Amino acid sequence: MWWRSASFILDRQQHQNGTVAPSPESFLLSSPPPMADSPLNPKSNISAYYQTRAAHHAVVTSDWLAQAQAAVGRHSDDDGSLGGDKGAAPIGGGGGGGEEGSGKAFSVIDEFNSWRKQPTLAEAVAAIRALAAVIRTSEATTMMELEIELKKASDSLKSWDTTSISLRAGCDLFMLYVTRTSALEYEDFNSAKSRLIERAEKFGEISCKARRIIAMLSQDFIFDGCTILVHGFSRVVLEVLKTAAENKKHFRSSHCFNTEGRPDRTGLRFSNELAKLDVPVKLLIDSAVAYTMDEVDMVLFGADGVVESGGIINMMGTFQIALVAHSMNKPVYVAAESYKFARHYPLDQKDMSPARRPIDFGVPIPSKVEVETLARDYTPPQYLTLLFTDLGVLTPSVISDELIQLYL
Amino acid sequence: MIPPAHHHSDNFLRTALQATSPTKAFSYSAKTVTIPPENEDVASSFSPGRKVVSAKSPSSFPGVKASSVPASELTTVSVVNLPPGISGKCVYKLKGKLIAEKAGGASVEVQNDRPVSAKTLKEKTSKAERRALQEAQRAAKAAAKGLNLMSVLLTYGYSVYLVYFTFEQILNNFVPVDHYVFLAEGTKASSAASKVVTSANTKPSKAAKPSSQKNDGSQVAASEKKGGDRAPEKDRKKDAPHPRMQYDDKSRVEKAKKRAVVKQTEARNRVELFRHLPQYEHGTQLPDLETKFFELDPMHPAVYKVGLQYLSGDIRGGNARCIAMFQAFKEAIKDYSTPPEKTLIRDLTARISSYVSFLIECRPLSISMGNAIKFLKNRIAKLPLALSESEAKSTLMLDIDRFINEKIILSEKVIVKHAVTKIRDGDVLLTYGASSVVEMILLHAHELGKHFRVVVVDSRPKLEGQLLLRRLVRKGLSCTYTHVNAVSCIMQDVTRVFLGASSVLSNGTVYSRVGTACVAMVAHAFRVPVLVCCEAYKFHERVQLDSICFNELGNPDAISKIQGREEINYLDGLVNQENLQLLNLIYDATPSDYVSMVITDYGMIPPTSVPVIVREYRRDHLWS
C-alpha cells in the first residue's frame, strides 16, 4: 500500500468531503493555491504562508507532478504554473495592481497575492508593495483618510493570513513608515502620496540589498574548509553560501550538510542549488542531525520571523537542530533581513497562532491517528549564537533593542 | 526594511558588527567586511567551531604610549562565542594596548605560529609594537598551557597574536560588557581598565558607544557630540550615586542620629552580613512620634501622617507608597509659602529633601519612590524663574497629578492589556505575594471570560497573599492557596507565573518581595514561563548582583513569634541572647536568567532590554 501520489490525497479528501467537489487547493504540495480568487483565505486550517513556500521552494518529483496533473485534468487549463514550475510563475508586473484597480474593485489581498507569487520576493516586501498599491489607487484627499484606509488594508492583510510573521512585520513597518513621516506635513497631499509610493517601491530593492549585506557580513564567519549545516530552504542562506563560494578559493573543500526538510522537502531543492555552485553537499534526513553534528562546524538557519525575545520562528525542526547544536557547543547562526523582525513575543512553542501544513506520509493514515501538522517552531534566544542581519551582526538580545527603537 | 522617518535614510548600510565592536559607522564597502589576507590565514588556523569576530575599528585609538603607536592601526577585538558556562550573550571588549600590557603580567600563552608573516612584517612594526611582541613572547614562555578557556584574536598593528586567556584573567583584565549599551559605563566601572586607560583613552570608547539608532542624523556627528560633552572628572564624580548610609559605620550613624526626627532604638543582635542596613526595635518609635504630632515644626502634617503610616505598615506596596507620598507632597506644596529673602526653587527643594529624609527614617525608600522624588525635584529645578509663587505651585501640583496618572495608573492599564494576551483558556496561573498589577491582570482576564485557575503562593510573616486571595475569591475566580514551602509541588500544574516587582534593575535583575526569587527559580526548573509585571517608572539604572548590599530589614520579632499561637514559644527568652541573630529580609533579587519576559508600559520585552528602556525613556520619565 505504498501510494506515492497526489491523487491519493485527493481521493481521500474527496472521500472525506463526500459530495463536495474537489477544488485545486485540496491537493497539497503540487499546487500553488489559486490565491487571487477569494478575498478570505479559503482554507483557514492551512497556512497560506507555507503554501507559498512550498510552491516556491519545494521539490516536486516528476511522478508526483504527472499524477497531480492527471488528477486535476479538468482543472489543468487554469493553472499552468502548477507544480512549483517557478519559471512560469506569473509575474505581477510593476504597476499591474494599479491598473487592475482602476478596472475592477481593488482588493489589497489580490494585489498581495500577485506579488507573493514571485519566488524572489519576500512576503514582507509583497505586503509593502500591496500597501503601496493601496496608496496608489486610493481616492483619499487627506493624510488622515489615507492612513485610515491603509490601516484597514493592512488589517485585512494581517487577518487574511494570521500565520505569517513576516507579513505582519511588513504591514507594521509600512504603517509606521506612513504615520511617522513628519516631512509630509509640510508638503501638499499629492506630492506626499507620490513620495510614499516611491519609497515603497524602493523597499523591494532594499530587500534584495539586505540579502547582499547579510551575505557580505557573514563572510567573516565562514572559514576555509568549514562544514555548515543548513535546514530547509532559505533565500538568505543561499545568498550567503553563494557569496562564500564566490569569494573563497578554498571554500570548495568545505561541505554543506543539508537536511531534507520534510514534509515539503525544501532541503532537496536547496541542495540542488548548492550543487549548481559546485559546493560539496551531503543530504541528510531530518532525523540524522544529531548523528552528524560532531562533524559540523556551524549551523546556519534562515528565519520566517525574528521575534522580540531574540528567538526565531522558523520551519519545523529548527528548534531541535538548535538544541542539538547547543548541546554539542556548535555555534548557531541565523541569517534574517531586518524586515522580518516582528513585535511578537512567544513564551513557548504553543504560544503562536498555529500554521498548519499538510503532510504526506506516503501511506494512508488511519483516521484514529492524529497527525501533527504544524509547520513551524520557535527557537528561544539562548540557543542562538548570532544573527546576521542587514543592521549588522547582532546578538539575540539586541533584536529587542532594535525593535524598541523601531516601534516605540 | 523601511527606515522610519526618524532614521537616517541609509541606515541599512550600517554594516558594523554592531553588537561587538565599538566602531563608528563606516560606509559599506566590500573591503570593510572581508578580513585582510593575513588575518584570514589566522582565522582559518583556528580549531573549527571556535569563532572569533574581528572588527576593524577605523577610529583613531591612541594607546598609552600614544606617540609611538600609529593611531589607526589599532584594532579593537571582541570575542563573541564564549565557551559554555559563561553566558553566551556576554561580549568582552578590550583595548589593544591593554592586552599587550596585561599580557606581560598575566599568564598568557601567545601562539606565534606564523613566523613568516611576523618576520616579513617586522620592518613595518614600530618600536612599541616590537616591545609588546617581545613582552608577549616572554609571557608565553612563562605561561601554563592548557588553561585556555577562550581565545582572543588580537590584531595589533600588522602583527597577529593568538592569545589564550583563562577566565579569571579575562575577568580581571577585560571589561565585561553585558550589553554593548553599557560600554562607556563598563569602562568606567572597571578599576583595572581605568588605571591603565588614560582619560584620553576612554574618550574614543565613549564616542564609539554605538549611538542609538534613533537619533542618528549622522552617526559620526553623534559620536563627536558624545565625545564632546563628556563630563570632566569632577562632574563625573558628582554623577556617581551618592553612597548610601552604611549603618555599620559608627561615626556616621551617630551624626545621623543627631539630625533625626524619629528617635529610634537600634536592634541589638544584628546579623553579621546585614549590619550595614538599618534595623530598629519595632514599636519603639510610634508612640513617641504620635506625641510629637503637634509640636513638630518643620514637618508638614500630611507628610508626617504618611510617614507614620509607612512606619506602622498601613501603607505598603510600591505604587501605594508612591502615590501616598506624592499626595502628601501635593498637600505640602499647596500650603507652602516662600519665606522672605528666599527663592522658591531652592527653598522648596530643601523642604522636599527634609520631608524625604523624614520618610526614610520611617521606612527606607523603595526604588520607585526614589525615581518619583527625582522627578519632582527635577520639575522644581526646571521651574521658570519668571513664574509667580501661586503659578509655580499649581504647575507642580499638576505635574504630580500627571505623574500619578500617566506613570502609575495608566501604565498599569497598559500592562494589563498586554498581559491578558498571554493568558489562554485552561491556564493555571501562579502568583506570589500580592501585586496590585497582577491582581488587575487576573481580574481583567476573568472579566474577559477566560477560564483559568489561580494559584496564590504566600509566605510568612506578612501573609499578603491572603488579601489578594480574598479579593479574587470574591470576584468568583477559582483559586488555590498555598505557602511557598509547597511551591515545588504545585509548580507541576502551573502554566504561567505572574510576578510583581518592586523594581527591575538594568541588568535585568528583578528586585521584589522576598521569596520571589525562589518561586522564579522553581518555575524555571519546571520550564514554566515567568512573567514579571512592572511599570517602567520603577526601572532603575543600577546593577545589583545580590540582595545583600541593598535591602531592607523587617521586624525580627515577626519571624520569632507567631501571632495567635501561644503554644509555639520555643524562642521565648532567647531573643535577646547574644548568640541568636534573627534575619527578616523584605526584598530579594531574582537574576534575569529566571525571567522569561518583563511586561511593562512599553510592551513585552526580554529582561535584557530593560537598559534600553531606561536609556531611551529616562528623559521622558524624569526630565520631561
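Residues numbered from 1 in each chain as written. Chains lettered and ligands numbered in written order. Predicted model: local features only at pLDDT ≥ 70, side-chain atom pairs only at ≥ 80, totals over all residues. Heavy atoms only, no water.

Looking at an unreviewed UniProt entry, chain B carries the name Translation initiation factor eIF2B subunit delta, with the source organism given as Gossypium gossypioides. Checking UniProt for chain B, the heading Sequence similarities (unreviewed entry) contains the comment "Belongs to the eIF-2B alpha/beta/delta subunits family." (UniProt positions renumbered as here; feature names shortened; annotations may be inferred.)

The name an unreviewed UniProt entry gives chain A is Translation initiation factor eIF2B subunit alpha, with Gossypium gossypioides as the organism. UniProt lists a comment for chain A under the heading Subcellular location (unreviewed entry), and it reads "Cytoplasm, Cytosol". In the Sequence similarities (unreviewed entry) part of its UniProt record, chain A is described as follows: "Belongs to the eIF-2B alpha/beta/delta subunits family."

Draft legend 1. View of the overall build of chain A. In terms of helices and strands, chain A carries 14 helices and ten strands. In chain A, the share of contacts with a sequence separation of at least 24, taken over all contacts with a separation of at least 6, comes to 76%. A total accessible area of about 15,600 Å² is found for chain A, and carbon and sulfur atoms account for 54% of it. (Helix = DSSP H or I, 4+ residues; strand = E, 2+ residues; numbered from the N terminus. Contact = heavy atoms within 4.5 Å. Areas by Shrake-Rupley, 256 points an atom, 1.4 Å probe, with all protein chains shown as cover.)

Draft legend 2. Examining the overall build of chain B more closely. Along its length, chain B carries 24 helices and 18 strands. Here chain B holds 624 residues, and the buried ones make up 52% of them. When contacts within chain B are restricted to residue pairs at least 6 apart in sequence, those whose partners lie at least 24 apart make up 75%. With an accessible surface of roughly 29,000 Å², chain B has 54% of that area assigned to carbon and sulfur atoms. (Buried < 20%, exposed > 50% of the residue type's maximum accessible area, 1.4 Å probe, protein only.)

Draft legend 3. Main features of the confidence of the model for chain B. All names here are of chain B. In the predicted model, chain B carries a mean pLDDT of 69, and 55% of its residues have values of at least 70. Confidence over residues 1-123 falls short of pLDDT 50; this stretch has 286 contacts with residues more than four positions distant or in other chains. Here the predicted complex carries an ipTM of 0.72, next to a pTM of 0.67. (pLDDT = per-residue confidence, 0-100.)

Draft legend 4. Molecular detail of the sheet that holds strand β17 (residues 597-600) of chain B. All names here are of chain B. Spatially, seven strands are ordered β10-β9-β8-β11-β14-β17-β18 in an open sheet, and the strand pairing comes out mixed. Edge positions in the sheet fall to β10 (478-483) and β18 (603-605), since each has one partner strand and no second. Taken over all neighbouring pairs, the strand axes of this sheet differ in orientation by 25° on average, direction set aside. Summarising the sheet, strand β9 (residues 452-458) and β10 pair through six bridges and their orientation is parallel. (Pairing = 2+ DSSP bridges. Axes fitted to C-alpha atoms, helices over the stretch in contact; angles between N-to-C directions.)

Draft legend 5. Structural view of unusual backbone geometry. Following R460(B), the chain continues to P461(B) via a peptide bond in cis, the omega torsion being -5°. Here P461(B) lies in the loop between β9 and α20 (464-474). Despite not being glycine, D278(A) shows a phi value in the positive range, around 65°. Looking at where D278(A) falls in the secondary structure, it is placed in the loop between α11 (266-276) and β3 (281-284). The backbone of R527(B) sits at a positive phi, close to 60°, despite the residue not being glycine. Residue position: R527(B) is located in the loop between α22 (516-525) and β14 (530-533).

Draft legend 6. Seen up close, the pattern of salt bridges. Tallied over the entire structure, the rule returns 24 salt bridges over all chains. Note that E337(A) and R211(A) form a salt bridge whose closest N and O atoms lie 3.1 Å from each other. You can see E337(A) sitting in the loop between β7 (332-335) and β8 (376-379) and its partner R211(A) sitting in helix α9 (residues 189-218), a full 126 residues away along the chain. With a closest N to O distance of 3.3 Å, R615(B) and E616(B) form a salt bridge. The buried category is assigned to E616(B), whose relative accessible area is 14%. (Salt bridge = Lys/Arg side-chain N within 4 Å of Asp/Glu carboxyl O.)

Draft legend 7. Expanded view of the sheet that holds strand β12 (residues 503-505) of chain B. All names here are of chain B. Taken together, four strands build an open sheet; the order of strands is β15-β12-β13-β16 and the sheet is mixed. Each edge of the sheet is formed by a strand with only one pairing partner; in this case those strands are β15 (539-540) and β16 (587-590). When strand β13 (residues 510-513) meets β16, the two strands line up antiparallel, connected through four bridges. Residue Y511 lies in a different strand from β16, and its bridge partner there is A589. Strands β13 and β16 of the sheet are contacted by α22, whose axis makes an angle of about 30° with β16.

Draft legend 8. Broad picture of the packing of aromatic side chains. All names here are of chain B. Enumeration over the complete set of coordinates arrives at 13 aromatic pairs over all chains. Through pairs of rings, three or more aromatic residues link up here, namely F326, F375, F403 and Y537. It is R321 that lies over the ring of Y310; its NZ or CZ is 5.5 Å from the centre. In this structure, R542 packs its charged tip against the face of F550, placed 4.3 Å from the ring centre. (Phe/Tyr/Trp six-rings, centres within 6.5 Å; stacked < 30°, edge-to-face > 60°. Lys NZ or Arg CZ within 6 Å of the ring centre and 35° of its normal.)

Draft legend 9. Structural view of the packing of helix α14 (residues 301-312) of chain B against helix α16 (residues 344-362) of chain B. Residue and element names in this part refer to chain B. Look at α14 against α16: their axes get within 8 Å of each other, and the N-to-C directions meet at 20°. On the basis of the axis angle, α14 is roughly parallel to α16. Helix-helix and strand crossings are classified by hand; for α14 and α16 the assignment is right-handed. Residues V303, Y304, V306, G307, Y310 and L311 of α14 lie in contact with α16, whose contacting residues are Y355, F358, L359 and C362. Its residues assigned to classes, the contact of α14 with α16 comprises nine nonpolar, one polar and no charged. (Parallel < 35°, antiparallel > 145°, perpendicular 65-115°, else oblique. Left-handed = near helix turned anticlockwise from the far one by under 90°. Nonpolar A, V, L, I, M, F, W, Y, C, P; charged D, E, K, R; others polar.)

Draft legend 10. Examining the nonpolar core more closely. All names here are of chain A. Grouped together as the largest cluster of nonpolar side chains are 68 residues, with contacts concentrated most on L131, L157, F174, L229, M293 and V299. Looking at this core element by element, the count peaks at ten residues for helix α6 (residues 123-137). The two domains that each donate at least three residues to this core are domain 1 (108-210) and domain 2 (215-358 + 372-407). The contacts of L157, once residues within four sequence positions are left out, are V108, I109, F112, A127, A130, L131, L167 and C171. (Core = buried A, V, L, I, M, F, W, Y, C linked by side-chain atoms within 4.5 Å. Domains from an automatic or database assignment.)

Draft legend 11. Up close: helix α13 (residues 318-327) of chain A. Where α13(A) is concerned, the buried positions are T318(A), F319(A), I321(A), A322(A), V324(A) and A325(A). At the C-terminal side of α13(A), N329(A) shows a positive phi close to 60°.

Draft legend 12. Spatial organisation of helix α7 (residues 143-160) of chain A. Residue and element names in this part refer to chain A. Here α7 is 18 residues long and its end C-alpha atoms lie 25 Å apart, about the 26 Å a rise of 1.5 Å per residue gives. Looking only at α7, the buried set comprises L146, L150, A153, S154, L157 and W160. Down the axis, α7 shows its buried residues gathered within 120° of arc, on one side only. Exposed side of α7, more than 90 degrees from the buried face: M144 and K152 are the residues found there. (Expected span 1.5 Å × (residues − 1). Arc of directions from axis to C-beta.)

Draft legend 13. Highlighting the environment of T421(B). All names here are of chain B. Of note, T421 is situated in the loop between α18 (389-420) and β8 (427-432). Taking the C-alpha atoms as reference, T421 lies 8.8 Å from A445; in sequence the two are 24 residues apart. At 2.5 Å, the side chain of T421 and the backbone oxygen of H418 are in polar contact. (Polar contact = N/O pair within 3.5 Å; in protein donor to acceptor, adjacent residues only side chain to side chain.)

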